[in-house]
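# Observations on the three-dimensional arrangement
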Amino acid sequence: MSTPRPGMPGATRTCPHCKTIILESASVCPACRHHLRFDESAIAGAKAKISPLHVEGTISPPAGEVAWEYSMVVSIKNERGEEVARQVIGVGALYADEQRTFTLAVEMTEATGSKARRRH
Ligand SMILES: [Zn+2]
């Protein structure tokens, strides 16, 4: 997997607040929601933004007196089925009267600038 250079679509940087790897183009950190810089086109709503995937589910462990441990794992595969990212988001334990709600959201923003176009 090649890492996009600065200015290219998919280029990344580290959020100065929470140290999460985020898109270089992000004006708001999707992890900690801190505003990162003044982005005129984002504020004006000029960049097209879509949410092509949003899944939410709530789970409870099977009835009983024992706790059940959970791991939330997220993976990203490319068009060839190769895993390009895999991460454990959170772990914990639940008793029968407890529950957790898991939300998975993918947001997409149109890349802008001269380097955004595919080269043939
Ligand atoms: Zn952050």
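Computed from a predicted structure; not experimentally measured.

Cut-offs used in this document
Residues numbered from 1 in each chain as written. Predicted model: local features only at pLDDT ≥ 70, side-chain atom pairs only at ≥ 80, totals over all residues. Helix = DSSP H or I, 4+ residues; strand = E, 2+ residues; numbered from the N terminus. Buried ≥ 20, exposed ≤ 12 C-beta atoms within 10 Å, placed from the backbone. Contact = placed C-beta atoms within 7 Å. Pairing = 2+ DSSP bridges. pLDDT = per-residue confidence, 0-100.

The subject of this paragraph is the overall build of the chain. Looking only at helices and strands, the chain has one helix and six strands in total. Ordered by position from the N terminus, the helices and strands of the chain form the series β-β-α-β-β-β-β. Projected onto its principal axes, the C-alpha coordinates of the chain cover approximately 60 × 35 × 25 Å. Expressed as a percentage of its 120 residues, the buried residues of the chain come to 1%. Considering only contacts within the chain whose residues lie at least 6 apart along the sequence, 46% involve residues at least 24 apart.

A small share of strand 5 (residues 83-94) lies buried, amounting to zero of its twelve residues. Alignment of strand 4 (residues 68-77) against strand 5, held across ten bridges, turns out to be antiparallel. If you follow Ser75 over to strand 5, its bridge partner there is Arg86.

Glancing now at the pairing of strand 4. Buried residues are scarce in strand 4, accounting for zero of its ten residues. Remark: five residues form the turn of the hairpin made by strand 4 and strand 5, two consecutive strands paired antiparallel; Gly81 in that turn has positive phi of roughly 80°.

Further remarks concern unusual backbone geometry. With a phi close to 70°, Lys19 is a non-glycine residue in the positive phi region. We note that Arg33 has phi near 65°; this positive angle belongs to a residue other than glycine. For Arg33, the position within the fold is in the loop between strand 2 (21-23) and helix 1 (40-43).

What follows deals with the confidence of the model for the chain. The predicted coordinates ought not to be read in detail in places where the model reports low pLDDT. Of all residues in the chain, 90% attain a pLDDT of 70 or more, and the chain-wide mean is 88. Mean pLDDT across the elements of the chain ranges from a minimum in helix 1, with 58, to a maximum in strand 4, with 96.

This part takes up the environment of Ala93. Residue placement: Ala93 occurs in strand 5. Taking the C-beta count within 10 Å as the criterion, Ala93 has 11 such neighbours and is therefore assigned exposed. Sequence-distant contacts of Ala93, defined by excluding residues within four places in its chain, comprise Ala67, Trp68 and Glu69.

Mapped onto the fold, Gly81 is located in the loop between strand 4 and strand 5. Owing to 6 C-beta atoms within 10 Å, Gly81 belongs among the exposed residues under this scheme.

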